[in-house]
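Residue strings, one per chain:
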Amino acid sequence: MTVAVGAKYPWGDLCRLPPPESNISEAVILASDSRFSRKSGSSYTTVSDVGTKLFPLGKDFAAVYAGISAIGELCLDELRWKLSKETSPNSLRSRRIAEQTFRAIYRHKLASARLRAEENPLYILLGACTNTGSAELYLI
């Protein structure tokens, strides 16, 4: 089983740590496990325990995935390439590009390999920090 988590910082009581009147920037914390598994019948076997599932995608922008790793990495590579071509990126546009890219690649790869989505899930968390000091976290 793959684990990927994301959180916006600060949260809860951590919001009270900075001194009053300070203007602390928000952040996004992303983490994942490092295991790659392969489905064998109705169970999974470990292929490797040293994989990377956290990917920087640009300045102050990263993603982590859980699920079918081959497709997850293709999605993130394609997104990194598409975002590098943007002349004036913004949060809304980047999120739309990510959603369209991930859906298209995921559907195509599942169909070409004759895989079922229920048996091959993919979850991608995107985290970004803006120039104004706010953080954004999205599940796609």
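Reading guide: rules and limits
- Residues numbered from 1 in each chain as written.
- Predicted model: local features only at pLDDT ≥ 70, side-chain atom pairs only at ≥ 80, totals over all residues.
- Heavy atoms only, no water.
- Helix = DSSP H or I, 4+ residues; strand = E, 2+ residues; numbered from the N terminus.
- Expected span 1.5 Å × (residues − 1).
- Buried < 20%, exposed > 50% of the residue type's maximum accessible area, 1.4 Å probe, protein only.
- Arc of directions from axis to C-beta.
- Pairing = 2+ DSSP bridges.
- Contact = heavy atoms within 4.5 Å.
- Polar contact = N/O pair within 3.5 Å; in protein donor to acceptor, adjacent residues only side chain to side chain.

(A) Summary view of helix α1 (residues 69–84). Compared with an ideal rise of 1.5 Å per residue, which puts 16 residues at 22 Å, α1 spans 22 Å between its outermost C-alpha atoms and is within 8% of the ideal. Along α1, the residues classified as buried are Ile-71, Gly-72, Cys-75, Leu-76, Leu-79 and Leu-83. Angular distribution of buried residues about the axis of α1 spans 130°; they occupy a single face of the element. α1 presents Ala-70 and Ser-84 as exposed residues on the side facing more than 90 degrees away from its buried surface.

(B) Expanded view of the pairing of strand β5 (residues 54–58). As defined by bridge partners, β5 adjoins strand β6 (residues 61–67) across four bridges and the pair is classed as antiparallel. In the strand pairing of β6, Leu-54 is matched with Val-64. Taking the residues that link successive antiparallel strands as the turn, the β5-β6 hairpin has two residues, and the phi of Asp-60 there is positive, at about 60°.

(C) Inspection of helix α2 (residues 91–113) at higher detail. Over its 23 residues, α2 extends 33 Å from the first C-alpha to the last, a length consistent with the 33 Å expected when each residue adds 1.5 Å. By the burial criterion, the buried members of α2 are Ser-94, Ile-97, Ala-98, Thr-101, Phe-102, Ile-105, Tyr-106 and Leu-110. Residues of α2 that are buried make contact with α1 and β7 (122–129). With a side-chain oxygen positioned 3.2 Å from the backbone nitrogen of Leu-92, the residue opening α2 is Asn-90.

Nothing here speaks to function; it is all geometry.
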